[in-house]
Amino acid sequence: MTDRRPIERADAARNRRAILDATSALLAEHGAAGVTMDRVAAAAGVGKGTIFHRFGSRAGLLYELVAEGAVELMTAVSSGPPPLGPGAPATDRLLAFFDAMTRLVTADVELIAAYQAMPPHPRSAEFHTFWAEHIATLLREVRPDIDADTVGALMLSAVGGELAQQLARAGEADRLRTAIEELVRSVLRAP
């Protein structure tokens, strides 16, 4: 079976990267409210029509940025090196996953805030299901005595919640990472 996806032209790939990079920079500098298609086009050095043609809308552009990080993390979890990927003990994998997820969320806090405020993207369910299953599977291995689905969901909600965003915006990403690690370790310790 052959892969029939069209090959992206070099200029289209450069434009795509320039648009995504410009959007990330604008998010970091101005927050989600400051990201307009006009600003992105100017910062990326492309026409506004190029952005609409490629991403369809502002929401589509923001979803693409979220998907990039999510897909990279999914790949690392599925087939990357341990401890994030297979081959490490479940405890180590959980700690590595929550650290990676916290880094992802704090690196792009404005993007995550914008993403959470938009209607769900079709791939949102795919990403959230993947995270939930990954966390619950590992929790069941370490702590078969707890409700892994619910506890895992609560742990993940701490990473993307309002407090996490406040700490990231206040420049306290390291404090958040330490607190998330403490939370994960406390759950992993059997009574």
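Residues numbered from 1 in each chain as written. Predicted model: local features only at pLDDT ≥ 70, side-chain atom pairs only at ≥ 80, totals over all residues. Heavy atoms only, no water.

### Describing the confidence of the model for the protein chain
Here's step 1: Averaged over every residue, the pLDDT of the protein chain is 91; residues scoring 70 or more account for 97%.
Here's step 2: Mean pLDDT per element in the protein chain: helix α6 (residues 109-117) is the minimum at 84, and helix α10 (residues 173-188) is the maximum at 97. (pLDDT = per-residue confidence, 0-100. Helix = DSSP H or I, 4+ residues; strand = E, 2+ residues; numbered from the N terminus.)

### With respect to the nonpolar core
Here's step 1: Core analysis: the largest hydrophobic core is formed by 33 residues, its most contacted members being Phe97, Phe98 and Trp131.
Here's step 2: At the level of secondary structure, the elements contributing two or more residues to this core comprise α4 (58-79), α5 (90-107), α7 (124-142), α8 (148-160), α9 (162-169) and α10.
Here's step 3: With nine residues, the single largest contributor to this core is α5.
Here's step 4: Dropping the residues within four chain positions of it, tryptophan 131 is found in contact with Ala70, Leu73, Met74, Phe97, Met101 and Leu156.
Here's step 5: Ranked by size, the runner-up nonpolar core spans 23 residues in total, among them Ala22, Leu26, Val40 and Ala41. (Core = buried A, V, L, I, M, F, W, Y, C linked by side-chain atoms within 4.5 Å. Buried < 20%, exposed > 50% of the residue type's maximum accessible area, 1.4 Å probe, protein only. Contact = heavy atoms within 4.5 Å.)

### Regarding the packing of α8 against α10
Here's step 1: Viewed as axis vectors pointing N to C, α8 and α10 meet at an angle of 170°, and their least axial separation amounts to 10 Å. By the criterion of interaxial angle, the relationship of α8 to α10 is roughly antiparallel. Residues Val151, Met155, Ala158 and Val159 of α8 touch α10, and the partners they reach there are Ile180, Leu183, Val184 and Val187. (Axes fitted to C-alpha atoms, helices over the stretch in contact; angles between N-to-C directions. Parallel < 35°, antiparallel > 145°, perpendicular 65-115°, else oblique.)

### Topic: the environment of alanine 168
Here's step 1: Structurally, alanine 168 is set in helix α9.
Here's step 2: The spacing of alanine 168 and valine 109 is 59 residues in sequence and 6.7 Å in space, taken between C-alpha atoms.
Here's step 3: Setting aside its immediate chain neighbours within four residues, alanine 168 contacts Thr106 and Val109.

### Topic: α5
Here's step 1: Over its 18 residues, α5 extends 25 Å from the first C-alpha to the last, a length consistent with the 26 Å expected when each residue adds 1.5 Å.
Here's step 2: For α5, the full list of buried residues reads Ala90, Arg93, Leu94, Leu95, Ala96, Phe97, Phe98, Ala100, Met101, Thr102, Val105 and Thr106.
Here's step 3: Where the residues of α5 are buried, they touch α4, α6, α7, α8, α9 and α10. (Expected span 1.5 Å × (residues − 1).)

### Digging into the packing of aromatic side chains
Here's step 1: By the definition in use, this model includes four aromatic pairs.
Here's step 2: When the centroid spacing of 5.6 Å and the interplanar angle of 45° are considered together, the rings of phenylalanine 97 and tryptophan 131 count as tilted. Of this pair, phenylalanine 97 sits in helix α5 while tryptophan 131 sits in helix α7; the two residues are 34 residues apart in sequence, bridging distant segments of the chain.
Here's step 3: Look at phenylalanine 97 and you get buried, because its relative accessible area is 0%. (Phe/Tyr/Trp six-rings, centres within 6.5 Å; stacked < 30°, edge-to-face > 60°.)

### Topic: the side chain of histidine 134
Here's step 1: Looking at the secondary structure, you find histidine 134 in helix α7.
Here's step 2: Apart from the residues within four sequence positions on either side, histidine 134 is in contact with Val77, Arg93 and Phe97.

### Considerations on helix α1 (residues 10-30)
Here's step 1: Taking 1.5 Å per residue as the helical rise, α1 with its 21 residues ought to reach 30 Å, and the 30 Å between its terminal C-alpha atoms agrees with that figure.
Here's step 2: In this structure, the buried residues of α1 make contact with α2 (37-44), α3 (48-55), α4 and α6.
Here's step 3: With its phi angle positive at about 75°, glycine 31 sits one or two positions after the end of α1.

### What about unusual backbone geometry?
Here's step 1: In this structure, the amide linkage connecting proline 82 to the following residue, proline 83, adopts the cis form with an omega of 10°.
Here's step 2: Position of proline 83 among the secondary structure elements: in the loop between α4 and α5.

### Remarks on the pattern of salt bridges
Here's step 1: Applying the stated rule across the entire model yields 15 salt bridges.
Here's step 2: Here arginine 175 makes a salt bridge to glutamate 172, at a shortest N to O gap of 2.9 Å.
Here's step 3: Assessed through its relative accessible area of 54%, arginine 175 is described here as exposed.
Here's step 4: Put simply, glutamate 181 and arginine 185 hold a salt bridge, and the shortest N to O gap is 2.8 Å. Highlighted residues: glutamate 181 and arginine 185, both in helix α10, separated by four residues, approximately one helical turn.
Here's step 5: Bridged by salt links that share partners, the residues Arg16, Arg17, Asp21, Glu64 and Glu68 form one connected network. (Salt bridge = Lys/Arg side-chain N within 4 Å of Asp/Glu carboxyl O.)

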